[in-house]
Amino acid sequence: MNTESHSQTAAFIWSVADLLRGDFKQSQYGRIILPFTLLRRLECVLEPTKEAVLAAARDNRDKPDAVREQLLLRAAGQEFFNASELTLATLSDTLTADDLMSYVQSFSADAREIFEHFHFEDFVQQLAASNLLYQVIQRFASVNLSPQRISNFGMGSIFEELIRKFAESSNETAGEHFTPRDVVHLTTSLVLTGQEAKLKPHGIVTIYDAAAGTGGFLSESDEYVDQISDRVTTALLGQELNPESYAICKADMLIKGKAVDNIKLGNTLSDDQLAGERFDFMLANPPFGVEWKKVQKQVTDEHKLRGFDGRFGPGLPRVSDGSLLFLMHLVAKMRDRRDGGSRIGIILNGSPLFTGGAGSGESEIRRYLLQNDMVEAIVALPTDMFYNTGIATYVWILSNAKPAERRGKVQLIDASQRYSKMRKSLGSKRQYVSDEDQAAIVRLYGGFEANDESKVFPVETFGYRRITVERPLRLNFQASAERLSRLAQEKALQKLDDNERDAIVRTCQRLDADHCYRNRATFTADLKAVLKAEALKPAAPVLKAILNALAERDPDADICTDRKGNPEPDSGRRDYENVPLGESVFDYFEREVKPHVPDAWIDESKRDAQDGEVGIVGFEIPFNRHFYVFTPPRPLEEIDADLKACTDRIKKMIEGLSA
């Protein structure tokens, strides 16, 4: 069945919404249509063995439930069964709701749970109350969703189309539910290409998705492994937060004959239900730019209390974007390199590449990944690839068992121009990556060569040391009326009683208002002298406040020094320089800074927490900078000619109007 037929089937199923209009809100359409679609698919899958299951049910009705369940599963030849004699086509038109729920309750436990997460019974009762239930059932009973007509992949495409329509009608974010199939296929290909050593005949590989959605990555990777390997068994595992997406994913696994007890419901970041597990391959498309405030306590506690024994040892990103938390979660589930290691493919927006300066949580996470040589490649995708956003996105490929030629290196691939325009936009998705372009991108990755679309860099390229450059503090002092008026704004003076504050102001007025001091020590001595003459002994904070009020920066003033005679830094003129990692910060300073600001110096107290060296280490991946191509401006003669031609046209128009 081709893609167009899948769309036609999805459109026919969605046409059930015409029956619901008026009795249900648009936001409820999907919650009715999706579970009925799943129900019909499950029914079609079980149809060839239905009689065998019914016979087994009759023969084993007196057996214990656990034994009976195993016997019925064997008779069904699937990971689920239904022991009811009813079908959607044979449900009563008078006791429809009761018959339908009896039919659903006759499924095996895992299949029943799917309908519970859709609150199926509630909607059945609402449909019955609106006299719509039998019509809806008849409509679905007429749809042929058998595996002989529609493959599992095709069924996934139909679900994708229905979920998108559901998200649009309910004003939800479609991208929270699933990833477009072209992006899924490309990411899966990048992660699994060249992994023949792991895909040996009769072997077992584990594939995990931490934000499983409706199971697109798991389904695609399962199909990919099946195509390129010989009798390799895939164990598919995942966790999903949204109950309806979880239900669809679980249904998909059931239909494929996969163990559904490895598909978990819950928040991956705060409640990892596969804790301690390690996987061969991991694929994920976590939500872009979603804050993690709801789970902040659990995540922060794990970071502080468990450190590198937990998932978030290197650091935490800002609360406004949890993408890097998902990445660290996956990294924590990598197999030991001695056991073959693991590979990760994760889709992220641009923020994780560069957000956060040296010492920030984001930078420390990048540092950990790069210095431990886990980042293998980053691929820039075209824009307008996702249903809910048109922003730039990137596929990160990570491995803790890189081949020898890739060790210590990172490959950047610019595939932003590898796209085709869609005939009809789907939400924000206006472009897709064709099979030909996907193959070309995978070849770029496999080739591991430098060209216009692919660059290879040593890991150190992305590191730097941020040094703090100080300039000396130079101040002049004057007891002018304008500066004396600032005394009232100083907090230290505001805390004094009125008499003491007034006495200090009157005393400062005795200083020469026209004399501008350019040496702090000289001014301080004169100030203390007039205060002593009035028997005033202000505390150090008050004296500091007086100096602050009467001071102004002056490049011609003497340098202010501390008690040891060392120059004091001017915080207002403080600057930072990023020195490439591996280069001496002092050589860099002498070459790049000193010639321009001879009085500057490096604050050597600012040292990196890990290596103790001067300057705080930071890592960023300025992707676009490495692919920037300078376009020279047009020649002036050409611009002048265009302007003259434009001016001549305007003159002719004016002449025509005045004629």
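Above this text sits the structure in question.
(A) Examining the packing of aromatic side chains more closely. Using the criterion set out here, one finds 14 aromatic pairs in the structure. On the numbers, 6.4 Å between centres and 65 degrees between planes, the contact of Trp14 with Tyr29 is edge-to-face. Residue Trp14 is found in helix α1 (residues 3-14), and its partner Tyr29 is found in helix α3 (residues 29-46); the two are separated by 15 residues along the sequence. For the pair formed by Trp14 and Tyr29, the shared burial category is buried. An aromatic cluster is built from Phe36, Tyr103, Phe107, Phe115, Phe120 and Phe140, whose rings are joined through pairwise contacts. Stacked on the ring of Phe281, the Lys or Arg Lys198 has its end atom at 5.2 Å from the ring centre. Looking at Arg466, its charged tip hangs above the ring of Tyr576, at a distance of 5.1 Å from the centre.

(B) Broad picture of the side chain of Ser219. You can see Ser219 is positioned in helix α12 (residues 216-228). Beyond its immediate sequence surroundings of up to four residues, Ser219 is in contact with Asp252, Met253 and Lys256.

(C) Structural detail: unusual backbone geometry. In this structure, His202 takes a positive phi of about 70 degrees despite not being glycine. Along the polypeptide, His202 turns up in the loop between α11 (181-192) and β1 (204-209). Relative accessible area serves as the criterion here: at 58%, His202 is assigned to the exposed category.

(D) Spotlight on the pairing of strand β12 (residues 463-470). β12 sits mainly inside the fold: 7 of its 8 residues count as buried. One ladder, built from 4 bridges, connects β12 with strand β17 (residues 616-619); its direction is antiparallel. Along β17, the bridge assignment pairs Arg465 with Val617. The pairing of β12 with strand β15 (residues 575-580) spans 6 bridges and is antiparallel. Its bridge partner being in β15, Tyr464 is matched across the sheet by Pro580. Bridging between β12 and strand β16 (residues 601-602) involves 2 bridges; their strand directions are antiparallel. Note that in β16 the partner of Glu470 across the bridge is Trp601.

Cut-offs applied
- Residues numbered from 1 in each chain as written.
- Predicted model: local features only at pLDDT ≥ 70, side-chain atom pairs only at ≥ 80, totals over all residues.
- Heavy atoms only, no water.
- Phe/Tyr/Trp six-rings, centres within 6.5 Å; stacked < 30°, edge-to-face > 60°.
- Helix = DSSP H or I, 4+ residues; strand = E, 2+ residues; numbered from the N terminus.
- Buried < 20%, exposed > 50% of the residue type's maximum accessible area, 1.4 Å probe, protein only.
- Lys NZ or Arg CZ within 6 Å of the ring centre and 35° of its normal.
- Contact = heavy atoms within 4.5 Å.
- Pairing = 2+ DSSP bridges.

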